[in-house]
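Reading the structure
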Amino acid sequence: MKDRWAGFGFLVRLAAFPADSRQVSVRVVVYAEGPADSVGEQSWLPPPGEALEESHLGPAHHLVRRAIAHGTGVPQNAVRFLSPLRLRTGRHPRGSDLLVERSLRRLLTWPGPERRPDLAVVFVDDDGTSGRKQLLESYIEEGISVRVVVAVPAPEFEGWLIADHGAVAKVLEPIPAQPPAIEALQPGQAKQFLAEWISQSRNAVPSEVRSSLANLSSLSVLDGLGAFQAFRRDLLRALTG
Amino acid sequence: MISRAIIRNFRCLASVDVDFEPLTILVGPNASGKSSLISTLRPDIALDGTNAWRNKGSAVIEVISEGRRTPIRSASHAFQLLHLDVEKIRYPNVVQEARRLDETGTNLTNVFATLTREEQNALVAHFTKLVPMYRDVATRPSPQNPGNHRLVFQDRWSPELWYEPTQVSDGSMLMLALLLVEHQPQPVDVIAIEEPERGLHPYLLGKLIESLRDLALGRLGPKTIQVILATHSAELLEFALPHEVRFVSRRESDGTTQVERAPTESADWAKSVREYEGSLGGLWLSGALGGVPGG
């Protein structure tokens, strides 16, 4: 199994699992705009650097895990998410903190190898701006030791969650009408669509709906979105570079 | 000086080896094991089942001092713990000789009164330099309680005004008690201080840490006292040197305590410190060094 992943360079790390066999794991930290993207049903996170449990994972984690598995062949259960760093005040970072160069750089700074993840993924909504991805990448161009992927969904992360109407139809009832081209929506519209659909759906729990959509959406359909395609391309490059 | 403690099966310290410096700062969340770690340095500590991890078996603690490995119960160092109580340090004392502060500082007045005039003057000079709204500190008989006395503090600008301990700020009282450590008539080899930052302005905190470091490194004279501090304070860490700090936390997997050092040998250490503009407190609160809770 190790040989199969030999091409993934730095990413392949041996880790002692509770069982006596040794397996491969990829340690990933995810930062996203808000708790709805990055936090699951359980919002009390373990200390930074500790492993997250399945109940901690939000839709952003699910998409990252599926994209890594699909792009590299690493099994999904070998993708392990770690609790992210906080700001220097101890506060959890908010979306606006990710847009500040100093904060972003600090959130991607681990002083020792033991606590450093193999990969960090930063999700920041495009919000109708242009060049946000390039700007954030320029912030971390130098002096950051961890591999980083900056993903900028357009116009926002919820657009990715509602882009595959097949998945939407499986998760929500009544089945909502298919929205127009996702990346042509105005900022806030995708968020609004999803919120309305959830409120109209019987017994829908928002965090469960969002996670289900992230897990059920077809990656090939999402590849039709330019920003998602760029995310997948960058992810693969980071993992194999 | 105690350079290392090897701890097995003691409370939450199921298996911990800790290196100590002349000044060591233990930082971590509530209930992470800082106080237990301090207790392991007490030569009179009980090692029976009541102090064993999960109350099973018995604890084993050894310390390495001057190159010799010794069971803690056979160690000969004089140990003092200070967890000062801001109310009790103001109490009048029944007049009697006291050569060392007790754990809560209740006998502060008696210890002050037991100092030589020279030591009192040195202590007051240090205190009034750091807390310059006072000109002098003295003891006076307590009017309501015959046989008792209390500390009084002279106003800097109106020398006729002497303040009662209840009129003096918490920080000033705590500072006096902490500065007194250096002058105690019965000195100790190791002193542990819980939450030394309480009530202190950050400027004063810096001065206190400098003084304690000087004491621990023997810069204040012939008396060298190893100092161990336990804190939750990011402000205090701003005055610490990275090699002095131990990050204490519970393992998520089984609740046992782990003690980590800053990875100062790592290639990324200097870069990380630069990224945080030299703020060890900020780096700690980010969670990148350990010793923080979940939430």
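A brief structural summary. Note on numbering: residues in each chain are counted from 1, in written sequence order. For naming, the first written chain is A and the first written ligand is 1, with later ones following in the order written. This being a predicted model, a pLDDT of at least 70 is required before a residue's local features are given, and a value of 80 or more before pairs of side-chain atoms are given or counted; all residues contribute to the totals for chains, interfaces and linings.

Some points on the overall build of chain A
Tallying secondary structure elements over chain A gives eleven helices and five strands in all. At 18 Å, chain A has a C-alpha radius of gyration in line with the 18 Å of a compact globule built from 241 residues. With respect to the principal axes defined by its C-alpha atoms, chain A has extents near 50 × 40 × 35 Å. Three exposure classes are used, based on other C-beta atoms lying within 10 Å of a residue's own C-beta, which is placed from the backbone: buried for 20 or more, exposed for 12 or fewer, and partly exposed in between. Relative to its full complement of 241 residues, chain A shows a buried share of 44%. Any residue pair is listed as a contact if its two C-beta atoms, each placed from the backbone, are within 7 Å. If you take every contact in chain A between residues at least 6 apart in sequence, the share linking residues at least 24 apart comes to 72%. Secondary structure elements are taken from DSSP: a helix is a run of H or I of four residues or more, a strand is a run of E of two residues or more, and numbering for both begins at the N terminus. As defined in this context, the radius of gyration uses C-alpha atoms, and a globule is described by 2.2 Å times the residue total to the power 0.38.

Quick look at the packing of helix 3 (residues 117-130) of chain B against helix 4 (residues 170-180) of chain B
All names here are of chain B. In this analysis, axes come from line fits to C-alpha atoms, helices being fitted only over the stretch in contact, and the angle between any two N-to-C directions falls in the range 0 to 180 degrees. Orientation of helix 3 relative to helix 4, taken along the N-to-C sense of each, is 140°, at an axis distance of 10 Å. Between helix 3 and helix 4, the angle falls in the class oblique. Seen along the crossing, helix 3 lies across helix 4 with a hand that is right-handed. Residues Leu123, His126, Phe127 and Leu130 of helix 3 lie in contact with helix 4, whose contacting residues are Met175, Leu176, Leu179 and Leu180. Of the residues that constitute the contact of helix 3 with helix 4, the class distribution is seven nonpolar, one polar and no charged. An angle counts as roughly parallel when it lies under 35 degrees, as roughly antiparallel when it exceeds 145, as roughly perpendicular when it falls between 65 and 115, and as oblique in every other case. Working rule for handedness: look at the near helix, and if it is turned counterclockwise from the far one by less than a right angle, call the crossing left-handed; if clockwise, right-handed. Three categories are distinguished: nonpolar for Ala, Val, Leu, Ile, Met, Phe, Trp, Tyr, Cys and Pro, charged for Asp, Glu, Lys and Arg, and polar for the others, with Gly belonging to the last.

Description of the pairing of strand 12 (residues 226-231) of chain B
All names here are of chain B. Judged by how many residues are buried, strand 12 sits mostly within the fold: six of six residues are covered. Judged by which residues are buried, strand 12 turns out to be covered on both faces: Gln226, Ile228 and Ala230 on one side and Val227, Leu229 and Thr231 on the other are all buried. In short, DSSP must find at least two bridges between two strands for them to pair. Sheet analysis places strand 3 (residues 23-27) next to strand 12, joined by five bridges and oriented parallel. When the bridges of strand 12 are listed, Leu26 appears paired with Ala230. By convention a crossover is right-handed if, when the strands point away from the viewer, the path from the first strand over the helix to the second runs clockwise. One crossover worth recording links strand 11 (residues 190-194) to the parallel strand 12 by way of helix 5 (residues 202-216), and it is right-handed.

As for the packing of helix 2 (residues 59-72) of chain A against helix 11 (residues 226-240) of chain A
Residues and elements named next belong to chain A. Taken N-terminus to C-terminus, the directions of helix 2 and helix 11 make an angle of 65°; their axes are 10 Å apart at the nearest point. Crossing handedness for the pair helix 2 and helix 11: right-handed. Touching Ala67, Ile68, Gly71 and Thr72 of helix 2 are Arg232, Leu235, Leu236 and Leu239, all from helix 11. Per-class residue counts for the contact of helix 2 with helix 11 are five nonpolar, two polar and one charged.

Overview of the interface of chain B and chain A
Taken together, the contact pairs 22 residues of chain B with 23 residues of chain A. Of all the secondary-structure elements, those providing two or more residues to the side of chain B that touches chain A are helix 7 (269-275) and helix 8 (280-286) of chain B. Split into classes, the residues belonging to the side of chain B that touches chain A amount to nine nonpolar, nine polar and four charged.

A few points about the sheet that holds strand 5 (residues 68-71) of chain B
All names here are of chain B. The strand order across the open sheet formed by four strands is 2-1-4-5, and the pairing between neighbours is antiparallel. Looking at which strands have only one partner, the edges of the open sheet turn out to be strand 2 (13-19) and strand 5. Going from strand to strand, the sheet's axes swing by 15° on average, the running direction of each strand aside. In the sheet, strand 1 (residues 2-10) pairs with strand 4 (residues 60-65) via six bridges, with the strands oriented antiparallel.

Notes on the sheet that holds strand 14 (residues 257-261) of chain B
All names here are of chain B. Spatial strand order, 6-11-12-3-13-14: six strands in an open sheet with mixed pairing. If you trace the sheet from one side to the other, it starts and ends with strand 6 (79-82) and strand 14, each paired once. Neighbour to neighbour, the strand axes of the sheet diverge by 20° on average, direction disregarded. The pairing of strand 11 with strand 12 spans five bridges and is classified as parallel. Residue pairing for strand 12: Val190 is matched across the bridge by Gln226.

A look at helix 5 of chain B
Residue and element names in this part refer to chain B. Relative to the 21 Å expected for 15 residues at 1.5 Å per residue, helix 5 spans 21 Å between its end C-alpha atoms, a close match to the ideal helical length. Looking at helix 5, one finds that the buried residues are Leu205, Leu208, Ile209, Ser211, Leu212, Leu215 and Ala216. Burial along helix 5 is one-sided: seen end-on, the buried residues are contained in an arc of 160°. Opposite the buried face of helix 5, at more than 90 degrees from it, the exposed residues are Tyr203 and Glu210. Trailing helix 5 by a residue or two, Gly218 shows a phi angle of about 75°, which is positive. Given the number of residues in a helix, its expected span is that number minus one, multiplied by 1.5 Å. It is the directions from the helix axis to the C-beta atoms that the arc portrays.

Focus: helix 9 (residues 206-216) of chain A
Among the residues of helix 9 of chain A, those classed as buried are Arg210(A), Ser211(A), Ser212(A), Leu213(A) and Ala214(A). Against the buried residues of helix 9 of chain A lie helix 1 (35-38), helix 2, helix 6 (157-162) and helix 7 (165-171) of chain A.

Points about the nonpolar core
By size, the foremost hydrophobic cluster in this structure holds 142 residues, and its most contacted members are Val121(A), Val122(A) and Ala177(B). At eight residues, the largest contribution of residues to this core is made by helix 4 of chain B. If near-sequence neighbours (up to four positions away) are discounted, Ala177(B) is found in contact with Leu84(B), Ile89(B), Leu101(B), Gly105(B) and Leu108(B). Defined on buried residues, the nonpolar core groups Ala, Val, Leu, Ile, Met, Phe, Trp, Tyr and Cys residues joined through C-beta atoms within 7 Å.

Things to note about the pairing of strand 3 of chain B
Residue and element names in this part refer to chain B. When you tally the buried positions in strand 3, you get five out of five residues, the bulk of the element. Taken together, the three bridges between strand 3 and strand 13 (residues 245-250) define a ladder with parallel strand orientation. Bridging from a neighbouring strand, Ile25 pairs with Val245 of strand 13.

Some thoughts on the environment of Ala190(A)
All names here are of chain A. As for its position among the elements, Ala190 is in helix 8 (residues 189-200). Taking the C-alpha atoms as reference points, Ala190 and Tyr31, separated by 159 residues in sequence, lie 20 Å from one another. The residues touching Ala190, leaving out its near neighbours within four places in the chain, are Pro155, Glu156, Glu158, Gly159, Ile162, Ile182 and Leu185.

With respect to the environment of Thr231(B)
Residues and elements named next belong to chain B. Along the polypeptide, Thr231 turns up in strand 12. A residue is classified by how many C-beta atoms lie within 10 Å of it, and Thr231, with 22 of them, is buried. Between the C-alpha atoms of Thr231 and Pro29, which are 202 residues apart in sequence, the distance is 8.7 Å. Look past the residues within four positions of Thr231 in its chain and what remains in contact with it is Ile25, Val27, Glu195, Pro196, Glu197 and Leu236.

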